[in-house]
Amino acid sequence: MQIFNQVDSPDHVAAVELKNVSLRYDDGPDVLSNLNLALPPGSFHFLTGASGAGKTSLLKLLYLAQRPTTGSVNLFGTNVTDAARRTLPAIRRKVGVVFQDFRLLDHLSAFDNVALPLRVAAAAEPEIKSNVTELLSWVGLEDFMDAKPAVLSGGQKQRVAIARAVVNRPRLILADEPTGNVDDAIAMRLMQLFMELNKLGSNIIIATHNEQLVARFGFARLALADRTLSELPPISTSEASGIGRAVDEAQP
Amino acid sequence: MISLRTDLPLGGDSASRFIPWLVAIMVFLGILAVSGVSVFDTILSGWSRAVTGTVTVQIPALPADSEKEANQARTDRAVAALTALPSVESARVLESSEIDALLAPWLGEGAAAGDLPLPDLIDVTLTDDAATTLDLIRTSVTTVVPDAIVDDHRRWFEHLIDLTEGFRLLTIGVALVVTTALALTIVYATRASLAEFKEVISVLHLIGARDIYVASQFAKRTLSAALKGSAGGFVAGTIALVAIGWLAQNVESGFLPDIDLSLGFWISIPLVSLFAATLAMVTAFITVLGTLRSMV
């Protein structure tokens, strides 16, 4: 499968680097304040934090939908803080995003939605067909290639959104609550897809407040609280089982 | 073949419903304007050929008591002088019956023109390169008949030519206004579409689409809508032309030259349709590119 080729990334340059980054919208208070972060190539992180802690804002800075108010953002060794508009597409093609609200194009079929990143990069149609078909099969949507988003369930849309985010083998994959709408079995399968892509060299950041998910997979955490970011080690096994128990107990 | 596949919804928004109608109307008007210019051009060149190709020489009749033969001699001298000129193809004295026919509208049928002291008229046909030889003709004729009048008909035609030239310019103006109106309306419609598809465009940008990709999506979509409209406008315009042509055939007039439109004209009619569709496409492309580039 072509999309599972090794990502070619030099290992001496940080994939993501934030220096003293702050963000505020208009004249409001700081949403993010003085963030510092350096992620080596091939890292896998959960981004955690309470609702409204700024997870989505941080992701927006990383997929260049938002520029920081102060500080600098570097992706793959390139300072993108004030990057010229014409240079943005090339950088964005190295970043795959799973939006919290999916942002699928409603008039396009699942196939065409997933094909978009390849089409905007002018890939050849046979290559598009084989990659998209294979990926949609991987996420279990081989029977829904021609379906429009309106007839797909929330979980199916989420899988289309994930397929679209990873189809062009981005070096950085940002996912905002990517398992929020799927059942456990599918969630495991999607996590497996992310881990597979990570093994092949992509950096992964998954924003979630599903603590069970964070506990089950032993990846380092980026925790947002009080507008600042701290890098935390994976939840230890005992912590994890504690959370697992707590979740189990919470269920009737 | 260029694929018209686009990532933008087709037919769903106000612009794609509106553009075919707009283009159809503009193509229709454009075809009428281009036809108008061609018809006026044909009339003008027909008249101008008539003006430059012939000259009428009047030999005024001597006072009534003079001999008829003296008049005849003056006319013969003039004809001889004229035919001696290399730029004159032929010089023919109009028969009295022809003069009667010319006077009939004013004097009534059967008026005895012979009783009036009418001038003799010499119809002179010039060779093709004779456009500037009027002075030479005038000199030669007045040398033998001092009071002869050389008329190149220009006086008759000048005002008509001016008027027709005015109509021709007006029609060119109409064509330019139609073109400008089409372009401006496409700019407006495209801006409305940009606002309508803001979310789609934002997603395309975030997955790495360049402005040029988005602009070409709009261009393809506009071309597809405009082609439908221009086909409609072409059909309507052609029907109108055939109808006008049929009406014009029924007009019998020696006054208007035969309006025999050239092959070039018939080729220009479908070109008007293609031009309108291309103009719409290019305008949409430039508008999107301009609007996106002005964003930060």
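1. Some remarks on the overall build of chain B
Moving on, step 1. A tally of helices and strands in chain B yields eight helices and four strands.
Moving on, step 2. Written out in order from the N terminus, the α and β elements of chain B read α-β-α-β-α-β-α-β-α-α-α-α.
Moving on, step 3. Partitioning the contacts of chain B with sequence separation of at least 6, the portion at a separation of at least 24 is 88%.

2. Digging into the overall build of chain A
Moving on, step 1. Looking only at helices and strands, chain A features eight helices and ten strands.
Moving on, step 2. For chain A, the proportion of contacts with a sequence separation of at least 24, taken over those separated by at least 6, is 70%.

3. As for helix 8 (residues 263–293) of chain B
Residue and element names in this part refer to chain B.
Moving on, step 1. Along its 31 residues, helix 8 runs 44 Å from first to last C-alpha, staying within 8% of the 45 Å computed at 1.5 Å per residue.
Moving on, step 2. For helix 8, the principal kink sits at P270 and spans about 30°.
Moving on, step 3. Along helix 8, the residues that are buried comprise V272, S273, A276, A277, A280, M281, T283, A284, F285, T287 and V288.

4. Notes on the sheet that holds strand 9 (residues 220–225) of chain A
Residues and elements named next belong to chain A.
Moving on, step 1. Sheet architecture is open: six strands sit in the order 6-7-8-3-9-10, paired in mixed fashion. The sheet terminates laterally at strand 6 (95–98) and strand 10 (228–232), the two strands that pair on one side only. Strand after strand, the sheet turns through a mean of 20° between neighbouring axes, direction not considered.
Moving on, step 2. Relative to strand 7 (residues 172–176), strand 6 runs parallel, the two sharing four bridges. What sits directly across from V98, in strand 7, is A175.
Moving on, step 3. Running over the sheet, helix 5 (residues 154–166) touches strand 6 and strand 7 and is turned about 175° from strand 6.

5. Things to note about helix 2 (residues 68–83) of chain B
All names here are of chain B.
Moving on, step 1. In this model helix 2 runs 23 Å from its N-terminal to its C-terminal C-alpha over 16 residues, within 8% of the 22 Å that 1.5 Å per residue would give.
Moving on, step 2. The complete set of buried residues in helix 2 reads R74, T75, A78, V79, A81 and L82. End-on, the buried residues of helix 2 take up no more than an arc of 165°, which puts them together on one face. Facing away from the buried surface of helix 2 by more than 90 degrees, the exposed residues are E69, A70, A73 and A80.

6. Some remarks on the domain arrangement of chain A
Residue and element names in this part refer to chain A.
Moving on, step 1. On domain assignment, one finds that chain A holds domain 1 (15–91 + 196–252) and domain 2 (95–169).
Moving on, step 2. Taking only C-alpha atoms into account, the centre of domain 1 sits 24 Å from that of domain 2.
Moving on, step 3. Classifying every residue of the side of domain 1 that touches domain 2 by side-chain character gives three nonpolar, one polar and no charged.

7. A look at the nonpolar core
Side chains of nonpolar character tend, in soluble globular proteins, to be buried together.
Moving on, step 1. Residues A:L174, B:V23, B:A226 and B:A280 are the most contacted members of the largest nonpolar core, which totals 116 residues.
Moving on, step 2. Among the elements that make up this core, the one with the highest residue count is helix 1 (residues 14–53) of chain B (16 residues).
Moving on, step 3. Not counting the four nearest positions on each side in its chain, B:A226 is found in contact with B:I19, B:V23, B:A276, B:A277, B:A280 and B:M281.
Moving on, step 4. Membership of the second largest hydrophobic core comes to 17 residues, among which are B:A78, B:L82, B:I122 and B:V124.

8. Some details on the interface of chain B and chain A
Moving on, step 1. In this assembly, eleven residues from chain B lie in contact with 14 residues from chain A.
Moving on, step 2. In terms of residue count, helix 6 (residues 198–206) of chain B provides more of the side of chain B that touches chain A than any other element does, four residues in total.

9. With respect to the sheet that holds strand 5 (residues 78–79) of chain A
Residue and element names in this part refer to chain A.
Moving on, step 1. One open sheet holds the four strands; their spatial order is 2-1-4-5, and the pairing between them is antiparallel. Unpaired on one side and paired on the other, strand 2 (30–39) and strand 5 mark the two borders of the sheet.
Moving on, step 2. Of the pairings in the sheet, the one linking strand 4 (residues 70–75) to strand 5 comprises two bridges and is antiparallel in character. Each bridged residue has a counterpart across the sheet, and for N74 the counterpart in strand 5 is N79.
Moving on, step 3. Contacting strand 1 (16–24), strand 2 and strand 4, helix 1 (residues 55–62) crosses the sheet at an angle of about 125° to strand 1.

Parameters and conventions
- Residues numbered from 1 in each chain as written.
- Chains lettered and ligands numbered in written order.
- Predicted model: local features only at pLDDT ≥ 70, side-chain atom pairs only at ≥ 80, totals over all residues.
- Helix = DSSP H or I, 4+ residues; strand = E, 2+ residues; numbered from the N terminus.
- Contact = placed C-beta atoms within 7 Å.
- Expected span 1.5 Å × (residues − 1).
- Bend = angle between axes of the 7 residues up to and from the residue.
- Buried ≥ 20, exposed ≤ 12 C-beta atoms within 10 Å, placed from the backbone.
- Pairing = 2+ DSSP bridges.
- Axes fitted to C-alpha atoms, helices over the stretch in contact; angles between N-to-C directions.
- Arc of directions from axis to C-beta.
- Domains from an automatic or database assignment.
- Nonpolar A, V, L, I, M, F, W, Y, C, P; charged D, E, K, R; others polar.
- Core = buried A, V, L, I, M, F, W, Y, C linked by C-beta atoms within 7 Å.

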